[in-house]
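# Notes for the structure review
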Amino acid sequence: MNRNLGKMLGILAIAFFAVIPFFIQTYFMHILIMIFSFTYLSCAWNIIGGFAGQLSLGHALFFGIGAYTSTLLFLNLGVSPWFGMIAGGVLSSGFAYLIGLIIFRYRIRGVFFSMSTLCFAEIVRLVASYFRFFGGAEGLLITLGESSFWKFQFVNKEPYYYISLVMMLLMLGVTYLLKNSKYFYYFFSIKADEDAANAIGVNSSKYKTVAYVISAFFTALNGTFFAQYYMFIEPETTFSVSISVDMIIRPIIGGLGTLFGPVLGSFIMTPLSEIIRSLVGSGKSGVHLLIYGAALIAICIWMPRGIVPYVERLFKSK
Amino acid sequence: MSFNIIFEGIIGGLLIGGVYGVIAIGLTIIFGILKIVNFAHGEFLMIGMYLSYYSCLYLGIDPYTSLLIVIPIMFLMGILCEILLIKPVLNAPQDIQILLTFGIVLVLQNLALLLWTGDWRSLTSPLVFRIISIGGISLKLTTLIAFLASIFLTFLLFLFLKKTDYGKAIRACSDEPEGALFAGLKLNKVFYLTFGIGTVLAAIPGALILPFFSVSPFVGFSFTLQTFIIIVLGGLGSIPGALIGGFIVGVGESLGALFIPGTLRQIVTFVLFIAIVCLKPSGIFGEKQRE
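Residues numbered from 1 in each chain as written. Chains lettered and ligands numbered in written order. Predicted model: local features only at pLDDT ≥ 70, side-chain atom pairs only at ≥ 80, totals over all residues. Heavy atoms only, no water.

## Points about the overall build of chain A
- Counting its secondary structure elements, chain A contains 14 helices and two strands.
- Relative to a compact globule of 318 residues, whose C-alpha radius of gyration would be 20 Å, chain A shows 19 Å and is just as compact.
- Across its three principal directions, the C-alpha atoms of chain A cover 55 × 45 × 35 Å.
- Partitioning the contacts of chain A with sequence separation of at least 6, the portion at a separation of at least 24 is 78%.
- A total of about 14100 Å² of accessible surface is found on chain A, and carbon and sulfur atoms cover 70% of it.
- One finds the centroid of the 21 positive side-chain charges in chain A at a distance of 10 Å from the centroid of its 12 negative side-chain charges. (Helix = DSSP H or I, 4+ residues; strand = E, 2+ residues; numbered from the N terminus. Rg over C-alpha atoms; globule rule 2.2 N^0.38 Å. Contact = heavy atoms within 4.5 Å. Areas by Shrake-Rupley, 256 points an atom, 1.4 Å probe, with all protein chains shown as cover. Lys, Arg positive; Asp, Glu negative; His and termini not counted. Charge placed at Lys NZ, Arg CZ, Asp CG, Glu CD.)

## Regarding the pairing of strand β1 (residues 131–134) of chain B
- In the sheet, β1 of chain B pairs with strand β2 (residues 137–140) of chain B via four bridges, with the strands oriented antiparallel. Counterpart to I134 of chain B in the pairing with β2 of chain B is I137 of chain B. (Pairing = 2+ DSSP bridges.)

## What to know about the packing of helix α2 (residues 26–51) of chain A against helix α11 (residues 241–254) of chain A
Residue and element names in this part refer to chain A.
- In the contact formed by α2 and α11, the axes pass within 8 Å of each other and the chain directions differ by 80°. Here α2 is positioned roughly perpendicular relative to α11, judged by the angle of their axes. The segment α2 lies against α11, with F38, L41, S42, W45 and N46 engaging D246, M247, I248, R250 and P251. (Axes fitted to C-alpha atoms, helices over the stretch in contact; angles between N-to-C directions. Parallel < 35°, antiparallel > 145°, perpendicular 65-115°, else oblique.)

## With respect to helix α3 (residues 67–86) of chain B
Residue and element names in this part refer to chain B.
- Among the residues making up α3, those that are buried are L67, V70, M74, G78, I79, C81, E82 and I86. Viewed end-on, α3 has its buried residues packed into an arc of 160°, placing them on one side of the element. Away from its buried face, by an angle of more than 90 degrees, α3 presents the exposed residues L68, L76 and L84.
- Looking at the buried side of α3, the elements it contacts are α1 (3–34), α2 (41–59), α4 (94–116) and α8 (187–209). (Buried < 20%, exposed > 50% of the residue type's maximum accessible area, 1.4 Å probe, protein only. Arc of directions from axis to C-beta.)

## What about the interface of chain A and chain B?
- Taken together, the contact pairs 38 residues of chain A with 40 residues of chain B.
- For the pair chain A and chain B, the summed buried surface comes to about 3500 Å²; carbon and sulfur atoms form 86% of the total.
- Counting across the interface, chain A meets chain B through zero salt bridges.
- The interface formed by chain A and chain B holds zero residue pairs in polar contact (both at pLDDT 80 or more) in total. (Buried area = accessible area lost by both parts, 1.4 Å probe. Salt bridge = Lys/Arg side-chain N within 4 Å of Asp/Glu carboxyl O. Polar contact = N/O pair within 3.5 Å; in protein donor to acceptor, adjacent residues only side chain to side chain.)

## Things to note about the pattern of salt bridges
All names here are of chain A.
- In the structure shown here, the tally under the stated rule is six salt bridges over all chains.
- Residue E194 is joined to R109 by a salt bridge in which the shortest nitrogen-to-oxygen separation is 3.5 Å. Of this pair, E194 sits in helix α8 (residues 194–199) while R109 is found in the loop between α4 (81–103) and α5 (110–130), placing the two residues 85 residues apart along the sequence.
- You can call E194 buried: its relative accessible area is 10%.
- R125 is the salt-bridge partner of E236, the closest N and O atoms lying 2.9 Å from each other. Placement of the pair is E236 in helix α10 (residues 235–238) and R125 in helix α5, with a sequence separation of 111 residues.

## Overview of the packing of aromatic side chains
- As enumerated under the stated definition, the model contains 49 aromatic pairs over all chains in all.
- Taken together, a centroid distance of 5.9 Å and an interplanar angle of 45° make the contact between F17 of chain A and F267 of chain A tilted. One end of the pair, F17 of chain A, is in helix α1 (residues 3–19); the other, F267 of chain A, is in helix α12 (residues 261–280), and 250 residues separate them in sequence.
- Both rings, one in F39 of chain B and one in F102 of chain B, keep their centres 6.0 Å apart while their planes meet at 90°; by these two values the pair is edge-to-face. Taken together, the positions of F39 of chain B in the loop between α1 and α2 and F102 of chain B in helix α4 put the pair 63 residues apart, joining distant regions of the chain. Across the pair, F102 of chain B and F39 of chain B agree in class, each one buried.
- Here the aromatic cluster, defined as three or more aromatic residues joined through ring pairs, consists of F38, F63, W82, F149, F152, F154, Y160, F225, F226, Y229 and Y230 of chain A.
- A cation over an aromatic ring shows up here: K182 of chain A above the ring of Y183 of chain A, its NZ or CZ 5.8 Å from the ring centre. (Phe/Tyr/Trp six-rings, centres within 6.5 Å; stacked < 30°, edge-to-face > 60°. Lys NZ or Arg CZ within 6 Å of the ring centre and 35° of its normal.)

## Details of a positive patch on the surface
Residues and elements named next belong to chain B.
- On the surface, a cluster of positive charge is made up of K162, K163, K168 and R171.
- Elements that contribute at least two residues to the positive patch include exactly α5 (141–163) and α6 (165–175).
- Note that R171 resides in helix α6.
- On the accessibility criterion, R171 (30% relative accessible area) is partly exposed. (Patch = residues over 30% accessible without salt bridge, like charges linked within 9 Å, V, L, I, M, F, W, Y side chains within 5 Å.)

## Section: unusual backbone geometry
- If you check the backbone angles, M231 of chain A has positive phi at about 60° while not being a glycine.
- The topology assignment puts M231 of chain A in the loop between α9 (204–230) and β2 (232–233).
- A positive phi angle, near 55°, is found at T117 of chain B, a position not held by glycine.
- T117 of chain B gets classed as partly exposed once you look at its relative accessible area, which sits at 36%.

## Description of the state of the cysteines
- Scanning the entire structure with this criterion turns up zero disulfides over all chains.
- Here C300 of chain A is not disulfide-linked; the sulfur of C81 of chain B is the nearest cysteine sulfur, at 13 Å.
- Among the residues examined, C300 of chain A registers a relative accessible area of 2% and is labelled buried.
- Not engaged in a disulfide, the cysteine C278 of chain B finds its nearest cysteine sulfur in C119 of chain A; these two sulfurs lie 11 Å apart.
- A relative accessible area of 7% places C278 of chain B in the buried class. (Disulfide = S-S within 2.5 Å.)

## What to know about the packing of helix α9 (residues 219–234) of chain B against helix α10 (residues 239–259) of chain B
Residue and element names in this part refer to chain B.
- Direction vectors running N to C along α9 and α10 enclose 125°, while the axes themselves pass 8 Å from each other. Between α9 and α10, the interaxial angle falls into the category oblique. The crossing of α9 and α10 is right-handed. On α10, the residues that touch Q226, I229, I230, L233 and G234 of α9 are G241, A242, G245, G246, I248, V249 and E253.
- For the contact of α9 with α10, the per-class residue count stands at six nonpolar, five polar and one charged. (Left-handed = near helix turned anticlockwise from the far one by under 90°. Nonpolar A, V, L, I, M, F, W, Y, C, P; charged D, E, K, R; others polar.)

## Quick look at the environment of L32 of chain A
All names here are of chain A.
- Secondary-structure assignment places L32 in helix α2.
- The buried category is assigned to L32, whose relative accessible area is 12%.
- Separated by 23 residues in the primary sequence, L32 and L55 place their C-alpha atoms 27 Å from one another.
- Beyond its immediate sequence surroundings of up to four residues, L32 is in contact with F17, I20, I24 and Y161.

## Remarks on the confidence of the model for chain B
All names here are of chain B.
- Here chain B averages 85 in pLDDT, and 95% of its residues register 70 or above.
- In the predicted structure, residues 284–291 sits below a pLDDT of 50 and forms 20 contacts with residues beyond four places in sequence or in another chain.
- Both scores are given for the predicted complex: the pTM is 0.86, the ipTM 0.85. (pLDDT = per-residue confidence, 0-100.)

See below:
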């Protein structure tokens, strides 16, 4: 695609989404907020899963750390969730660093990496449901007050809408910068062939940790956003496999490791899952996960590289 | 804590370990032949448990007789699964294979949730509570049957692999896939048969443990995890390794249960998995890890 045309389209899209809240109902605004948030999360996951090729199945861990850090700081010490958000990001990166230290150091790869990340998320979920400090199995309710930017709580949906839009744009900016930095080439070489990357002097465990830490940091920020949006968190949902799957499915459908894959994936899957949820009722029925599973299987069989690379190739072949 | 309780714990662990061993053999032969790591192995076990549960409920039979229903259904399901889903990704990169089997996990789990709700279900037949004592140690009859059946099953599988033509074909494909192809073996057929057998080896233990294990749509994952621990311990692709690994995990878990309270017990499995994957990537029998 022509570079200027792409820029124009991008600016047009941003302008469109900036004014659209004035014309739509709250429900549609909710769906758009979900689309933006999941685009954000998918982009964050895409850094480790897509760029570096390490399929983390336990990103709910970082999401949950973000949600819990800001909420606990706010409830116990009255700290503004905005600071809590940063604190959550830092804590989450710390966790990612430690996990990376363990699993990358011992050269855990492929399916064992995926399983281990799932295990770490499950361990933290069980610990969080066990202790009352985290609200136990009942969860934590964020005390409601008046709308306030400082407290990150609003009666209307519009502020959440713009916050999620800005967060998504920032995240896209971060992935864009990352994709054009030298780090991307390190990540890419590891993804393509880790042994070969090591042989030519790329310290693979170091750069995998870098990707993991960055990814964890940004994932956590959106955990705080979700906590403030729903004003309620519980270990069973915040640390759930379901949240991890939410982050994985979109980049895979859109195109693993591409810039716009997560965006496209989110614009397809999020409305779909929201519609299913509203048809079937509570999110615990699992119907949306059933659809995700089927979509995952279908993509792996027919379009293993995702939609974006597929479409790109169609254009090139003409 | 008396010595007797610990001793009973060890015996109980060995018995259940034999069952774990069979589950792990199922996963390991699939890996040995198709070179694919099946995330959904525990979910096949879960489906086996439900099939057996409902056969018992509606037909009034016991879980052992229900195997006559469970085995053919699961064998067909495994074969279909291989032909329709696994075959297209056999030559794909490993991450695609991981994602595909993870997709199967999601589908089976949530299908079970939809069909049978998330309630825990368990059999309540008089058989369940029978206790027998041998030399001062009391054991549940059902655990003992599950163990004996597992050992018998392993023996049957061993005979099948050594003596029958199909078994020889499977071993040939495991050892030297290209050579087997040149020798005129139909790899396709060997692949789907193996996958069918692997699936059945997950489903039979499901029916065997049903008398003393409740089933819910999400029991599969913890079994998958245990199975992974076992095959990492025993060495990927090694059948005797899987059996020995099963005993180790069974005893470890049973002793852990004596010292660690309820909810936290699950954590032990997760921590154990990470620890073992870190420390023992090549297994007891030292078979080289293949990617």
